[in-house]
Amino acid sequence: MRVKKHFLAVSVIMTVCLQVSNAQNVFQGTTYQPVSTDYSTLRRSFERQENRSTQAYQKYSELAQLIGEKRQKISNDRETLIWFEENINSMLKNVKSSLDVGDYSTAYNRATEYMGEIYSNTELSCRIRTYEEYVSVVESIHNRTDLTYQQKQEWFAKYSYRFVPMRNQEGKVIGAKRWVEIGGPNNTPVIIP
């Protein structure tokens, strides 16, 4: 009898387990509502990044054009080219390094600042002015008919362009001596042949 009770108890437990098991496997249908992904924030972020990039590259291009224009107006002598590379061309390299790392706002701000510095750079203005004066005198020497070819060549060799800055007490360039004052003893005016 004990075995019968035990068998009966096991059979009841198995029946309950099967009922529970069957109840868990019953499929209860639900409706699926797909959630549409909102990409508008991401799109706006990409658009802002694109706009900053475009503006920074445009300002970089403007700076490069300004530097190119100024470069055309100065002498090709070694001293001037070294000065230009260290003081003016380095600005373009600084902006380019910001662009290369994707720092568009810094690149844009630097380019804008550097353009202002170039326009107000006293030494650059003086170098341009003195070279223009020199070129004008060189052209007048070329056009002179009272000088022989040999005399003209000697003049060009003796009186090549040089930039002689005038500085204030702090060492800042505030002007330049006219090229015709260069070459004579103790910076006396040069006598043009």
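Residues numbered from 1 in each chain as written. Predicted model: local features only at pLDDT ≥ 70, side-chain atom pairs only at ≥ 80, totals over all residues. Heavy atoms only, no water.

Engineer: Residue-level account of the overall build of the protein chain, with values.
Structural biologist: Looking only at helices and strands, one finds six helices and two strands in the protein chain. Traced from its N-terminal end to its C-terminal end, the protein chain shows the element sequence α-α-α-α-α-α-β-β. By residue count, 27% of the 193 residues in the protein chain fall in the buried class. Within the protein chain, contacts between residues at least 6 apart in sequence are counted, and of these 60% link residues at least 24 apart. Summed over its atoms, the accessible surface of the protein chain is roughly 14,100 Å², and 53% of this surface lies on carbon and sulfur atoms. (Helix = DSSP H or I, 4+ residues; strand = E, 2+ residues; numbered from the N terminus. Buried < 20%, exposed > 50% of the residue type's maximum accessible area, 1.4 Å probe, protein only. Contact = heavy atoms within 4.5 Å. Areas by Shrake-Rupley, 256 points an atom, 1.4 Å probe, with all protein chains shown as cover.)

Engineer: A description of a nonpolar patch on the surface should follow, citing residues and the corresponding values.
Structural biologist: On the surface, Y39, L42 and F46 cluster together into a nonpolar patch covering about 360 Å² of accessible area. Structurally, L42 is set in helix α2 (residues 40-72). (Patch = residues over 30% accessible without salt bridge, like charges linked within 9 Å, V, L, I, M, F, W, Y side chains within 5 Å. Salt bridge = Lys/Arg side-chain N within 4 Å of Asp/Glu carboxyl O.)

Engineer: Any details on the side chain of T80? Residues and values, ideally.
Structural biologist: Its place among the elements puts T80 in helix α3 (residues 78-100). Of the polar contacts made by the side chain of T80, one reaches the side chain of R127; its length is 3.3 Å. (Polar contact = N/O pair within 3.5 Å; in protein donor to acceptor, adjacent residues only side chain to side chain.)

Engineer: Residues and numbers for the packing of α3 against helix α4 (residues 104-119), please.
Structural biologist: Running from N to C, α3 and α4 point in directions that differ by 165°, and their axes come no closer than 8 Å. As far as their axial angle goes, α4 and α3 are roughly antiparallel. You can see that α3 and α4 cross each other, and the crossing is left-handed. Across from I88, M91, N94, V95, S97, S98 and L99 in α3, the residues of α4 making contact are Y104, T106, A107, R110, A111, Y114, E117 and I118. The residue makeup of the contact of α3 with α4, split by class, is nine nonpolar, four polar and two charged. (Axes fitted to C-alpha atoms, helices over the stretch in contact; angles between N-to-C directions. Parallel < 35°, antiparallel > 145°, perpendicular 65-115°, else oblique. Left-handed = near helix turned anticlockwise from the far one by under 90°. Nonpolar A, V, L, I, M, F, W, Y, C, P; charged D, E, K, R; others polar.)

Engineer: Summarise helix α6 (residues 149-158); cite the residues concerned and give the values.
Structural biologist: Regarding α6, the residues found buried are K152, W155 and F156. Along the axis of α6, the buried residues cluster in a sector spanning 100°; they form a single face. Opposite the buried face of α6, by more than 90 degrees, sit the exposed residues A157 and K158. In this structure, the buried residues of α6 make contact with α5 (122-143). (Arc of directions from axis to C-beta.)

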